[in-house]
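# An overview of the molecular structure
Read off the chains here:
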Amino acid sequence: MTRARDCRVVLLLAMTFRFQSLRAFEESVAISQGKETLMKDKIALVTGSSRGIGRDIALRLADVSAGVAVHYKSDRKAAEEVVGMIKEKGKQASFFCADLTGESGASRLIKKVEEKFGKIDILVNNFGPILVKPWEKVTAGEWEYILRSNLGSALCCAKAVLPGMQKRKWGRIINLGYSRAEQLVAFSTITPYAIAKTGLLILTRTIAASVASDGITINMVSPGLMERGVLPRDRDIPSGRLGKFEDVSSAVLFLASDKTSFITGTNLIVAGGWKT
Ligand SMILES: NC(=O)c1ccc[n+]([C@@H]2O[C@H](COP(=O)([O-])OP(=O)(O)OC[C@H]3O[C@@H](n4cnc5c(N)ncnc54)[C@H](OP(=O)(O)O)[C@@H]3O)[C@@H](O)[C@H]2O)c1
């Protein structure tokens, strides 16, 4: 009788162990396919997600999370459309309008999203316009706008979202950079943008170190030349093609995952080997 029970316990333990290792394997495959189940209760906010890379990130995050807050500045119809697509996937979604070039816009946005969804687990600081202009023709206003929108908005959104993440001891912040942000060289036609993105990497690493013990990671994903980008595309890309939105959103999904809790302060370059 006791022996039979012991056998059943051993069998049960063996099955549990087998199930767990199979599960770990399935989860790592699922992350790469955007089908992860560990994030099914998480809420994400993607800034600038009414179009472009941000839109793709929002749609991909919707596949693995509980819901996504879609943010826009002026094109409400486009944001509404993204929300509709997320709802069709059976996930929660709402759109939020905010100008992120100032601190009040950023803190109001975070507050509104937290009121609507109860929390923000994943923040993707995607909004970050480029200005292609010889440095000597850049006006003080343009200079300030590029720094405020690429660097200031990420700082203000991170500052506003961190208290909630620290309370829950879980958070992911992913900043969108630019593949050459780590290169301290001259960039005569995109000077304020390059400075802002390099600054964003320093900011990423600074915040990463200060919140690492709270279960929060903050990383940067840096796209290179994109199919629908504004930079000249006749460059030599070792992989032989331009970047697609899904290349970038796959990297964001990876860093947003529960499985990447030990990766923080990094810069993941998504550029097919272009000048990295
Ligand atoms: N696209 C590329 O080739 C490329 C290459 C390397 C790196 N990146 C980086 O990848 C990220 C995404 O780039 P992207 O070109 O797809 O989009 P983007 O131009 O950075 O952002 C577009 C989004 O920002 C919103 N927006 C516009 N003005 C705003 C404001 N004042 N305050 C808040 N939001 C505002 C837009 O809303 P409305 O639609 O309502 O105007 C839209 O949703 C950026 O950080 C960029 O630097 C892009």
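What you see is a predicted model; the values in this text were computed from it and never measured. (Residues numbered from 1 in each chain as written. Predicted model: local features only at pLDDT ≥ 70, side-chain atom pairs only at ≥ 80, totals over all residues.)

### A few points about the nonpolar core
- Among the nonpolar cores identified, the biggest contains 68 residues, and Ala58, Leu61, Val68, Val70 and Val252 are the most heavily contacted of them.
- If one sorts the elements of this core by residue count, helix α5 (residues 140-168) sits on top with ten residues.
- Excluding residues that lie within four positions of it along the chain, Val70 makes contacts with Val46, Ser49, Ser50, Ala58, Ala79, Val82, Val83, Ala93 and Phe95. (Core = buried A, V, L, I, M, F, W, Y, C linked by C-beta atoms within 7 Å. Buried ≥ 20, exposed ≤ 12 C-beta atoms within 10 Å, placed from the backbone. Helix = DSSP H or I, 4+ residues; strand = E, 2+ residues; numbered from the N terminus. Contact = placed C-beta atoms within 7 Å.)

### Considerations on helix α2 (residues 52-64)
- Of all 13 residues in α2, eleven are buried, a share of seventy percent or more.
- If you check which residues of α2 are buried, you get Ile53, Gly54, Arg55, Asp56, Ile57, Ala58, Leu59, Arg60, Leu61, Ala62 and Val64.

### A look at the site of the ligand
- Around the ligand sit 25 residues in total, of which Gly48, Gly52, Lys73, Gly128 and Gly229 are the nearest.
- With three residues, α2 is the single largest residue contributor to the shell around the ligand. (Near = placed C-beta within 6 Å.)

### A word on unusual backbone geometry
- A positive phi angle is found at Lys169, which is not glycine, with a value near 60°.
- Along the chain, the position of Lys169 falls in the loop between α5 and β5 (171-176).

### Some remarks on the pairing of strand β1 (residues 43-46)
- Of the two faces of β1, both are covered, the one formed by Ile43 and Leu45 as well as the one formed by Ala44 and Val46.
- Note: β1 against strand β2 (residues 67-72), four bridges, orientation parallel. Looking across to β2, one finds that Val46 is bridged to Val70.
- Taken together, β1, α2 and β2 constitute a β-α-β crossover, and its handedness is right-handed.
- The pairing of β1 with strand β4 (residues 122-125) spans three bridges and is parallel. Bridge pairing in β4 links Ala44 to Ile122. (Pairing = 2+ DSSP bridges. Right-handed = clockwise from strand over helix to strand, strands pointing away.)

### Points about the confidence of the model for the protein
- Residues of the protein with pLDDT of at least 70 account for 86%, and the chain-wide mean is 90.
- Scored below 50 in pLDDT, residues 13-19 makes zero contacts in the model with residues more than four places away or belonging to other chains. (pLDDT = per-residue confidence, 0-100.)

### Quick word on the sheet that holds β4
- The strand order across the open sheet built from seven strands is β3-β2-β1-β4-β5-β6-β7, with neighbouring strands paired in parallel fashion. A single partner strand is all that each edge strand has here, and the edge strands are β3 (92-97) and β7 (267-270). Each strand axis lies, on average, 15° off the axis of its neighbour in the sheet, ignoring direction.
- Where β2 and β3 come together, six bridges link them in parallel fashion. (Axes fitted to C-alpha atoms, helices over the stretch in contact; angles between N-to-C directions.)

### Quick word on helix α7 (residues 245-256)
- Look at α7: 16 Å from first C-alpha to last across twelve residues, which is about the 16 Å you get at 1.5 Å a residue.
- The complete set of buried residues in α7 reads Asp247, Val248, Ser249, Ala251, Val252, Leu253, Leu255 and Ala256. (Expected span 1.5 Å × (residues − 1).)

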